Amino acid sequence: MKTRLTGFAAALALAAAALTAPGPAAAAAAAPDIPLANVKAHLSQFQSIANANGGNRAHGRPGYRASLDYVKARLDAAGYQTSIRSFSYGGATGYNLIADWPGGDPNQVLMTGAHLDSVRSGAGINDNGSGSAAILEAALAVARSGYQPTKHLRFAWWGAEELGLIGSSRYVSALTSAERSRIKGYLNYDMVGSPNAGYFVYDGDNSDGVGAGPGPAGSAQIEQTINGYFAGIGVPTRGTDFDGRSDYGPFIRVGIPAGGTFTGAEGRKTTAQAQLWGGTAGVAFDRCYHASCDTTSNINDTALDRNSDAIAHAVWALSS
């Protein structure tokens, strides 16, 4: 995870957003509940893979490829069309995994992605096993439900994010202008189970008025859809800036709308945030960020469960 929190302004008008988002009400009813136990089972697999491969799942290390092979096998068995895209970086071979759900309008693609690599110092279970496991389970829920959306669904697991968004950058740079124009939205999930969690949503409309400004046209709708979900379960959110330091960066640079959620990294939770969400003020959202203690014990189950369901809601609402 490369994103840093850059400050937060007043809360969004969440109830209004829920009412005005285009068509989420019916889509939300159709989105399935994502079983927390299933997501945690994927995290246990990532931990076991790290344990068997030098303690990490980093770019160029066997633990990364084993993680990719695990995700691919689950998707293949569920009926996805998968492809491995290799690239070279730092004297090692890296891999992106792309999975397409058959059907939907090929000229209207909704992508959902997460980086699969860890740093070399640990297993990377929150950063970013959490996002990788959550979108995997959302993809499997699509298959289990037999969902046939209007848009074409594509899921991606990126390599070498920790070295500078390398995998996602290579993917986007290889797209033709026509291929880019077909991607109508990109949802990014990087660290969605931080132990001292916050509930941050990428600020697609720049309502916070800080940092880099709004995302490409369509980003505001993604933010609105996600905020509407959290409003519906009574969880307040705050914005986090589009500073380009996670895998949405390459997409917004070429004009593809993006959004997603984030539960915090090395930044410290403020007193106001602790009053809003609980947890401990003055302590990092993730004290094990980029450390060896980022293991399966470094996960907030409530945050992971809520964000996993929010992912399913966004996929259903934005692809219908």
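Residues numbered from 1 in each chain as written. Predicted model: local features only at pLDDT ≥ 70, side-chain atom pairs only at ≥ 80, totals over all residues. Heavy atoms only, no water.

Enquirer: How should I be thinking about the overall build of the chain in this particular structure?
Expert: Looking only at helices and strands, the chain has eleven helices and eight strands in total. In terms of overall dimensions, the chain is globule-like: its C-alpha atoms have a radius of gyration of 18 Å, near the 20 Å expected for 320 residues. Counting only C-alpha atoms, the chain reaches 45 × 45 × 35 Å along its principal axes. When the 320 residues of the chain are sorted by exposure, 56% land in the buried category. A separation of at least 24 residues holds for 79% of the contacts in the chain among residues at least 6 apart in sequence. Accessible surface, the chain as shown: approximately 11,200 Å² in total, 51% of it carbon and sulfur. Averaging the positions of the 24 positive and the 25 negative side-chain charges in the chain gives two centres separated by 4 Å. (Helix = DSSP H or I, 4+ residues; strand = E, 2+ residues; numbered from the N terminus. Rg over C-alpha atoms; globule rule 2.2 N^0.38 Å. Buried < 20%, exposed > 50% of the residue type's maximum accessible area, 1.4 Å probe, protein only. Contact = heavy atoms within 4.5 Å. Areas by Shrake-Rupley, 256 points an atom, 1.4 Å probe, with all protein chains shown as cover. Lys, Arg positive; Asp, Glu negative; His and termini not counted. Charge placed at Lys NZ, Arg CZ, Asp CG, Glu CD.)

Enquirer: Even after reading the chapter, I still don't get the sheet that holds strand β6 (residues 200-202), so can you show me in this structure?
Expert: Think of a sheet as strands paired side by side through backbone hydrogen bonds, with each pair either parallel or antiparallel. A sheet is described by the order of its strands in space; here eight strands give the open sequence β1-β2-β4-β3-β5-β8-β6-β7, paired in mixed fashion. Each edge of the sheet is formed by a strand with only one pairing partner; in this case those strands are β1 (81-89) and β7 (238-240). On average, each strand axis in the sheet is tilted by 25 degrees relative to the strand beside it, whichever way the strands run. In terms of strand pairing, β6 meets strand β8 (residues 258-262) through two bridges, oriented antiparallel. Note on β8: the bridge partner recorded for F200 is F262. (Pairing = 2+ DSSP bridges. Axes fitted to C-alpha atoms, helices over the stretch in contact; angles between N-to-C directions.)

Enquirer: Before we go on, may I ask you to explain the packing of aromatic side chains in this structure?
Expert: Aromatic rings in a pair are described by how distant their centres are and how their planes are angled relative to each other. With the rule as written, the count across this model stands at 19 aromatic pairs. Ring centres of F200 and F285 lie 5.4 Å apart, and the angle between their planes is 85 degrees; on these two criteria the pair is classed as edge-to-face. One end of the pair, F200, is in strand β6; the other, F285, is in the loop between α10 (271-277) and α11 (301-319), with 85 residues separating them in the sequence. Measuring from ring centre to ring centre gives 5.8 Å for Y202 and F242, while their planes differ by 10 degrees; the resulting arrangement is stacked. Of this pair, Y202 sits in strand β6 while F242 sits in the loop between β7 and α9 (249-253), and the two are 40 residues apart along the sequence. Overall, the relative accessible area of 1% leaves Y202 in the buried class. Feature note: the residues Y199, F200, Y229, F230, F262, W277 and F285 constitute an aromatic cluster, connected by ring pairs. A cation over an aromatic ring shows up here: R57 above the ring of F46, its NZ or CZ 4.9 Å from the ring centre. (Phe/Tyr/Trp six-rings, centres within 6.5 Å; stacked < 30°, edge-to-face > 60°. Lys NZ or Arg CZ within 6 Å of the ring centre and 35° of its normal.)

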